Amino acid sequence: YTRGTVTAFSPFDARADAEALRKAMKGMGTDEETVLKILTSRNNAQRQEIASAFKTLFGRDLVDDLKSELTGKLETLMVSLMRPAYIFDAHALKHAIKGAGTNEKVLTEILASRTPAEVQNIKQVYLQEYEANLEDKITGETSGYFQRMLVVLLQANRDPDGRVDEGLVEQDAQVLFRAGELKWGTDEEKFITILGTRSVSHLRRVFDKYMTISGFQIEETIDRETSGDLEKLLLAVVKCIRSVPAYFAETLYYSMKGAGTDDDTLIRVMVSRSEIDLLDIRQEFRKNFAKSLHQMIQKDTSGDYRKALLLLCGGNDE
């Protein structure tokens, strides 16, 4: 069961697709349209089969050919689509923590939104592919309460959803209220423990109860009482507890809003959610931003890059 916009293409013929791609990239000039149409309409598993057929038939590496034939944002998008699904997040994290400066935005987006099972998987893949411990890498590049919250999320030990105990809901809401609004200076640790370890259904009740007790949404308190990377991470966690698709709708909206587009975020979210919940993200987008995701991509991007993104988006929710 998926709420993705990209599903398995049928009837699928990996060799025919490989041949069409070779033809589109051979000789002078590239037929970009054929490339993007094929790669956006096959799911990730099928793209891997095409790459394998491409190597078998031509002795060439499809990703290398895409890199040499395409440029700019279209190249980034097509190469991202070709990345095997299981390695996508690990690869994004690896690139977020390598070299000069850490991309906190990527760490926040991935670790706040993935399920505990997904996080366990990312850690395993990271170890296999990069022969390094993801937690060590992240702690080496971050500090303070931001680092501590990331470490809590990396443990992937959030309580499983079950029966919600109203007494504990009340207790957690009171603890957060006392740690934030009522305290001179904030007790960040309480926020980290509660937001990082309680079950999703429990926390949704805690947020309601918090509003009743304090008169504030928990987001408003986090906004007022914390700052910087920790604030962004706590807010992302709260938003994902409320609704992962709503969180990604907002992430996409802000990647395009205002001057300039954050194409890395736009590409990462469109590709990573295209087979999971992009239909739900589109719905939330329409509901919360008075325009459709399709309309915003249309307005904010151009050329073949825009064509490819609109194909991934799938439809216009007028």
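Residues numbered from 1 in each chain as written. Predicted model: local features only at pLDDT ≥ 70, side-chain atom pairs only at ≥ 80, totals over all residues. Heavy atoms only, no water.

- Naming follows an unreviewed UniProt entry, where the protein appears as Annexin of Podargus strigoides.
- Quoted verbatim from the Sequence similarities (unreviewed entry) field of the UniProt record, the comment on the protein reads "Belongs to the annexin family." (UniProt positions renumbered as here; feature names shortened; annotations may be inferred.)

**Describing the overall build of the protein**
Now for step 1: A tally of helices and strands in the protein yields 20 helices and zero strands.
Now for step 2: For the protein, the C-alpha radius of gyration of 21 Å lies close to 20 Å, the compact-globule estimate for 318 residues.
Now for step 3: With the C-alpha coordinates aligned to their principal axes, the bounding extent of the protein is approximately 70 × 45 × 40 Å.
Now for step 4: For the protein, with 318 residues in total, the buried portion stands at 48%.
Now for step 5: A sequence separation of at least 24 residues applies to 71% of the contacts in the protein between residues at least 6 apart.
Now for step 6: By element, 48% of the accessible surface of the protein is carried by carbon and sulfur atoms, the whole surface being about 15,100 Å².
Now for step 7: Each charge class in the protein was averaged separately, 43 positive and 50 negative side chains, and the resulting centres sit 2 Å apart. (Helix = DSSP H or I, 4+ residues; strand = E, 2+ residues; numbered from the N terminus. Rg over C-alpha atoms; globule rule 2.2 N^0.38 Å. Buried < 20%, exposed > 50% of the residue type's maximum accessible area, 1.4 Å probe, protein only. Contact = heavy atoms within 4.5 Å. Areas by Shrake-Rupley, 256 points an atom, 1.4 Å probe, with all protein chains shown as cover. Lys, Arg positive; Asp, Glu negative; His and termini not counted. Charge placed at Lys NZ, Arg CZ, Asp CG, Glu CD.)

**A word on the packing of aromatic side chains**
Now for step 1: Scanning the model with the defined rule gives eight aromatic pairs in all.
Now for step 2: Taking 5.0 Å as the distance between ring centres and 65° as the angle between the ring planes, the aromatic pair formed by Y126 and Y130 counts as edge-to-face. Of the two residues, Y126 and Y130 are both situated in helix α8 (residues 116-130); the distance of four residues between them amounts to about one turn of the helix.
Now for step 3: Here Y253 and F289 contribute two aromatic rings whose centre-to-centre distance is 4.0 Å and whose plane-to-plane angle is 5°, an arrangement assigned as stacked. In this pair, Y253 sits in helix α16 (residues 244-256) while F289 sits in helix α18 (residues 278-289), placing the two residues 36 residues apart along the sequence. Residues Y253 and F289 agree in their burial class; the two are buried.
Now for step 4: A cation over an aromatic ring shows up here: R42 above the ring of F9, its NZ or CZ 3.8 Å from the ring centre.
Now for step 5: Its end group placed over the ring of F216, R224 keeps NZ or CZ at 4.3 Å from the ring centre. (Phe/Tyr/Trp six-rings, centres within 6.5 Å; stacked < 30°, edge-to-face > 60°. Lys NZ or Arg CZ within 6 Å of the ring centre and 35° of its normal.)

**Considering the domain arrangement of the protein**
A common way to report how large an interface is uses the accessible area buried once the components associate.
Now for step 1: Domain boundaries in the protein define domain 1 (14-85), domain 2 (87-155), domain 3 (166-242) and domain 4 (244-313).
Now for step 2: Each of domain 1 and domain 2 was reduced to a C-alpha centroid, and the two centroids are 29 Å apart. (Domains from an automatic or database assignment.)

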